[in-house]
Amino acid sequence: MSKLTLTTEGDTHIIVTRRFAAPPEAVYRAHLEPELIQKWMLGPEGWTMPVCINEARPGGKIRYEWSNGKGGFYLTGEFLELEPYRRIVHVERMHLPDPTPDNHVETTFTPDGAGTLMTMRMTLPDATTRAAMLSTGMERGMEASYARLESMI
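Residues numbered from 1 in each chain as written. Predicted model: local features only at pLDDT ≥ 70, side-chain atom pairs only at ≥ 80, totals over all residues. Heavy atoms only, no water.

(A) Region of interest: the overall build of the protein. For the protein, the helix and strand inventory stands at four helices and eight strands. In the protein, the succession of helices and strands from N to C terminus is β-β-α-α-β-β-β-β-β-β-α-α. Scaling as 2.2 N^0.38, a compact globule of 153 residues should have a C-alpha radius of gyration of about 15 Å, and the protein matches this with 15 Å. When the backbone C-alpha atoms are referred to their principal axes, the protein occupies close to 40 × 35 × 35 Å. Across the 153 residues in the protein, those meeting the buried criterion constitute 42%. In the protein, the proportion of contacts linking residues at least 24 apart, taken out of those at least 6 apart, comes to 44%. (Helix = DSSP H or I, 4+ residues; strand = E, 2+ residues; numbered from the N terminus. Rg over C-alpha atoms; globule rule 2.2 N^0.38 Å. Buried < 20%, exposed > 50% of the residue type's maximum accessible area, 1.4 Å probe, protein only. Contact = heavy atoms within 4.5 Å.)

(B) Structural view of helix α3 (residues 127-134). When α3 is considered as a whole, its buried residues turn out to be Thr129, Arg130 and Met133. For α3, the arc enclosing every buried residue in end-on projection is 100°, short of the 170-degree limit, so these residues lie on one face. For α3, the side-chain oxygen to backbone nitrogen distance between the N-cap and Thr128 is 3.2 Å, and the N-cap itself is Asp126. (Arc of directions from axis to C-beta. Polar contact = N/O pair within 3.5 Å; in protein donor to acceptor, adjacent residues only side chain to side chain.)

(C) Structural detail: the layout of surface pockets. Its boundaries defined by the atoms lining it, the largest pocket holds a volume of some 1100 Å³. Around the largest pocket, the lining is made up of 40 residues, and of these Trp66, Glu92, Met94, Met138 and Met142 lie nearest the centre. Elements that contribute at least two residues to the lining of the largest pocket include exactly β4 (61-67), β5 (72-83), β6 (87-95), β7 (103-112), β8 (115-123), α3 and α4 (138-152). The leading source of residues in the lining of the largest pocket is α4, at six residues. Across the lining of the largest pocket, the residue classes tally to 25 nonpolar, twelve polar and three charged. (1 Å grid on protein atoms, 1.4 Å probe; cavity = no way out; pocket = protein on both sides within 12 Å on 5 of 7 lines; lining within 4 Å. Points joined across faces, edges and corners; volume = space filled by probe spheres on them. Nonpolar A, V, L, I, M, F, W, Y, C, P; charged D, E, K, R; others polar.)

(D) Highlighting the sheet that holds β5. Taken together, eight strands build an open sheet; the order of strands is β1-β2-β8-β7-β6-β5-β4-β3 and the sheet is antiparallel. The open sheet has two edge strands with one neighbour each: β1 (5-9) and β3 (48-54). When the angles between neighbouring strand axes are averaged without regard to direction, this sheet yields 20°. In terms of strand pairing, β4 meets β5 through seven bridges, oriented antiparallel. Each residue of the ladder has a partner; that of Ser67, found in β5, is Gly72. Across the face of the sheet, α4 comes into contact with β1, β2 (13-20) and β8 while running at roughly 25° to β2. (Pairing = 2+ DSSP bridges. Axes fitted to C-alpha atoms, helices over the stretch in contact; angles between N-to-C directions.)

Encoded structure:
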């Protein structure tokens, strides 16, 4: 059963929340350290991440490339703000192969009992872009990745 909750707000926001049985420091680090990201941020079974560039600093670049052996896609972005163990703000765009409009993402890591409540707030440029993103079934791949992350930390 999925521990991920996905909701919408207004016409342009997607909010994803998930609890982890790990401290905020561990969940935060897993979102920034390339060697960890390549182990968990894979989506459904059968995918790999052969390229993972994550320059965790304001202005630092992001590039993730996924492959399933038959094809793939990639994401590019930039970090805007980092508050260690509490908050990551970045901009990302998927390349499918053409780039999608910018997705502004703020992820917070809040202590929650013995674990962490992660809240990811995505801001898209318009309702059409948000609807296209939601139509991909992205929550299934996200939960598969987060379940993998939770088993690691």
